[in-house]
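Report on the structure
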2 protein chains.
Amino acid sequence: MSHSYIAPVELEKAYRLLNHGPTVLVSAQHGDDCNVMAAAWACALEFKPAKVSVVLDKSTKTRQLVEQSGYFTLQVPCYAQLNMTKQLGTISKLDDPQKLEHCGVELFYQEDLSSPLVSGCIAWLVCKIIPEPHNQSAHDLFIGSVVGAWADSRVFRDGHWHFQDAPKELRSLHYIAGGTFYLIGEEVKADI
Amino acid sequence: MSHSYIAPVELEKAYRLLNHGPTVLVSAQHGDDCNVMAAAWACALEFKPAKVSVVLDKSTKTRQLVEQSGYFTLQVPCYAQLNMTKQLGTISKLDDPQKLEHCGVELFYQEDLSSPLVSGCIAWLVCKIIPEPHNQSAHDLFIGSVVGAWADSRVFRDGHWHFQDAPKELRSLHYIAGGTFYLIGEEVKADI
Ligand SMILES: Cc1cc2nc3c(=O)[nH]c(=O)nc-3n(C[C@H](O)[C@H](O)[C@H](O)COP(=O)(O)O)c2cc1C
Ligand SMILES: Cc1cc2nc3c(=O)[nH]c(=O)nc-3n(C[C@H](O)[C@H](O)[C@H](O)COP(=O)(O)O)c2cc1C
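Residues numbered from 1 in each chain as written. Chains lettered and ligands numbered in written order. Predicted model: local features only at pLDDT ≥ 70, side-chain atom pairs only at ≥ 80, totals over all residues. Heavy atoms only, no water.

1. A word on the interface of chain A and chain B
At the interface, 51 residues of chain A touch 51 residues of chain B. Surface buried jointly by chain A and chain B totals about 4600 Å² across both partners, of which 57% is contributed by carbon and sulfur atoms. Sorting the residues of chain A by area buried against chain B places Trp41, Tyr182 and Val188 of chain A first, and these three jointly supply 18% of that buried surface. Counting the contacts that link chain A with chain B gives two salt bridges. The salt bridge involving glutamate 186 of chain A is made with lysine 168 of chain B; its shortest N-O contact spans 3.1 Å. Our count for the contact surface shared by chain A and chain B stands at 35 residue pairs in polar contact (both at pLDDT 80 or more). Listed by contribution, the elements that provide at least two residues to the side of chain A that touches chain B are β4 (42-46), β5 (51-55), α2 (82-88), α4 (133-139), β10 (141-152), β12 (160-161), β13 (173-177) and β14 (180-189) of chain A. The residue makeup of the side of chain A that touches chain B, split by class, is 26 nonpolar, 15 polar and ten charged. When β14 of chain A meets strand β14 (residues 180-189) of chain B, the two strands line up antiparallel, connected through seven bridges. Considered in β14 of chain B, the bridge of threonine 180 of chain A is made with lysine 189 of chain B. (Contact = heavy atoms within 4.5 Å. Buried area = accessible area lost by both parts, 1.4 Å probe. Salt bridge = Lys/Arg side-chain N within 4 Å of Asp/Glu carboxyl O. Polar contact = N/O pair within 3.5 Å; in protein donor to acceptor, adjacent residues only side chain to side chain. Helix = DSSP H or I, 4+ residues; strand = E, 2+ residues; numbered from the N terminus. Nonpolar A, V, L, I, M, F, W, Y, C, P; charged D, E, K, R; others polar. Pairing = 2+ DSSP bridges.)

What follows is the structure, given as structure tokens:
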């Protein structure tokens with residue numbers, strides 16, 4: 001898989017990668033153990049310094065790796081990854097140690113960061129946990145500061161999404177329930 | 001404005017109103033003082049009991065009313081309300097006491113709840129604050145438990161969104177930046 005389309009995103013613009021409410025994939029690695037799960041409950045939390053939040057249930061393997069490593073990556077999957085996204089949100093690595101192979105996940109790394117990124121996504125935010133024991137235990141809520149952000153320049157450039165000019169396969173996924181998602185649709189502009 | 005399409009949503013399904021990441025309007029009332037602002041940073045937090053989170057900046061009038069009353073309503077605006085949504089997110093009632101009139105907002109109330117709802121939206125979640133002083137001060141993050149939920153049955157029924165069968169004017173808005181939004185698009189289903 002080629003990564004030639006991947007371009008860095010200024011950290012102060014990283015919130016725009018999540019602003020339109022896409023479902024994300026959460027990845028994490030501790031030692032040699034890496035994993036990925038789907039998450040609809042991810043959100044931007046602060047512009048500068050860029051922060052995000054994500055809900056990670058106590059039953060997930062991904063949460064264990066996030067807690068062990070102190071890092072997580074949020075990445076935005078696209079229509080081409082619909083089945084993979086569903087599977088990453090259905091299978092647990094606690095039940096299937098070969099989860100990533102079975103889901104067809106290919107990982108890569110940026111620069112000197114040890115957090116894994118999922119190939120074929122359209123945006124990535126590598127985040128360092130801000131420890132919040134109450135939020136983590138009472139609400140399963142993890143807050144992270146964004147330490148690196150990248151996007152696929154075919155759909156995100158100059159600080160904006162450009163879905164309308166790109167192939168449908170690159171549209172973000174917005175989860176409903178079961179196996180049902182919506183694709184992001186048409187761009188509209190307020191004229192006031 | 002007719003409210004004949006509005007149907008209650010089971011609280012355990014209320015998260016589905018936010019799951020696909022729409023931009024919301026946040027309304028609140030204290031005594032006779034009511035207000036509405038736009039918020040892209042709202043998210044579901046728990047299925048049961050249903051909980052949500054929303055980021056409310058310290059500079060907003062809406063936050064003052066939320067803190068004073070202990071309640072907020074999240075509602076999902078639609079394409080027909082594009083300009084109103086932009087304006088509600090640009091003008092502060094602290095600067096313009098006639099903000100709601102100037103933005104064309106019409107409010108209504110459900111049953112015995114004193115939280116105002118914005119007419120013409122496609123879903124509403126009335127929420128009671130779970131007091132979290134640290135989250136509110138450090139992260140501007142408000143957590144609420146959902147005490148009532150309703151949706152426009154033309155686009156949400158049987159626990160699912162049905163955007164594809166409804167007029168485009170009823171599609172949810174997904175904020176990017178400036179005056180630019182995307183409409184929610186096409187429904188797709190994982191086949192695995
Ligand atoms: C589209 C989708 C979105 C999901 N969103 C979340 C979420 O926001 N938080 C969460 O804890 N689980 C969420 N899940 C469930 C996890 O992805 C699921 O439990 C997964 O199997 C955990 O994998 P793991 O144990 O290998 O980490 C979602 C599932 C799907 C299909
Ligand atoms: C589409 C959109 C989304 C916004 N999202 C948020 C948000 O999530 N949190 C926030 O504090 N402000 C957000 N804002 C800014 C507030 O809506 C804005 O400050 C508003 O004027 C506050 O109004 P008030 O002072 O009358 O309450 C957003 C603005 C727009 C246009």
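On we go.
2. Overview of the relation of the copies chain A and chain B
Of the transformation superimposing chain A on chain B, the axial component is 0.0 Å and the angular component is 180°, with the fit at an RMSD of 0.0 Å. Look at the turn and shift together and you get a two-fold axis relating the two. (Least-squares fit on C-alpha atoms with pLDDT ≥ 70 in both.)

3. Notes on the nonpolar core
Core analysis: the biggest nonpolar cluster contains 96 residues, and Phe72, Leu74 and Trp161 of chain A together with Phe72, Leu74 and Trp161 of chain B have the highest contact counts within it. Sequence-distant contacts of tryptophan 161 of chain A, defined by excluding residues within four places in its chain, comprise Arg16, Leu17, His20, Ile122, Ala123, Val155, Phe156 and Glu187 of chain A together with Ile176 and Tyr182 of chain B. (Core = buried A, V, L, I, M, F, W, Y, C linked by side-chain atoms within 4.5 Å. Buried < 20%, exposed > 50% of the residue type's maximum accessible area, 1.4 Å probe, protein only.)

4. Points about the confidence of the model for chain A
A residue-level look at chain A finds 99% of positions with pLDDT of 70 or above and a mean pLDDT of 97. Interface scoring of the predicted complex returns ipTM 0.97; its pTM is 0.98. (pLDDT = per-residue confidence, 0-100.)

5. Side note on the sheet that holds β13 of chain A
With antiparallel pairing, the four strands of this open sheet are ordered in space as β13(A)-β14(A)-β14(B)-β13(B). Here the strands that pair on one side only, and so sit at the sheet edges, are β13 of chain A together with β13 (173-177) of chain B. Taking the axes of each pair of neighbouring strands and ignoring which way they run, one obtains an average angle of 40° across the sheet. Sheet analysis places β13 of chain B next to β14 of chain B, joined by four bridges and oriented antiparallel. Pairing of leucine 173 of chain B across the sheet is with leucine 183 of chain B, part of β14 of chain B. (Axes fitted to C-alpha atoms, helices over the stretch in contact; angles between N-to-C directions.)

6. Details of the site of ligand 2
Residues and elements named next belong to chain B. Not every one of the 22 residues close to ligand 2 is listed here, only the nearest: Asn35, Thr62, Ile91, Ser92 and Lys93. Within the contact set of ligand 2, an oxygen atom lies 2.6 Å away from a side-chain nitrogen or oxygen of serine 92. Against a free-state accessible area of 650 Å², the protein chains account for coverage of 87% of ligand 2. Among the elements of the structure, β3 (33-39) and α1 (61-69) are those that each provide at least two residues to the shell around ligand 2. If you tally residues by element for the shell around ligand 2, the top one is β3, at four residues. In terms of residue class, the shell around ligand 2 is made up of eleven nonpolar, seven polar and four charged. (Near = heavy atom within 4 Å. Areas by Shrake-Rupley, 256 points an atom, 1.4 Å probe, with all protein chains shown as cover.)

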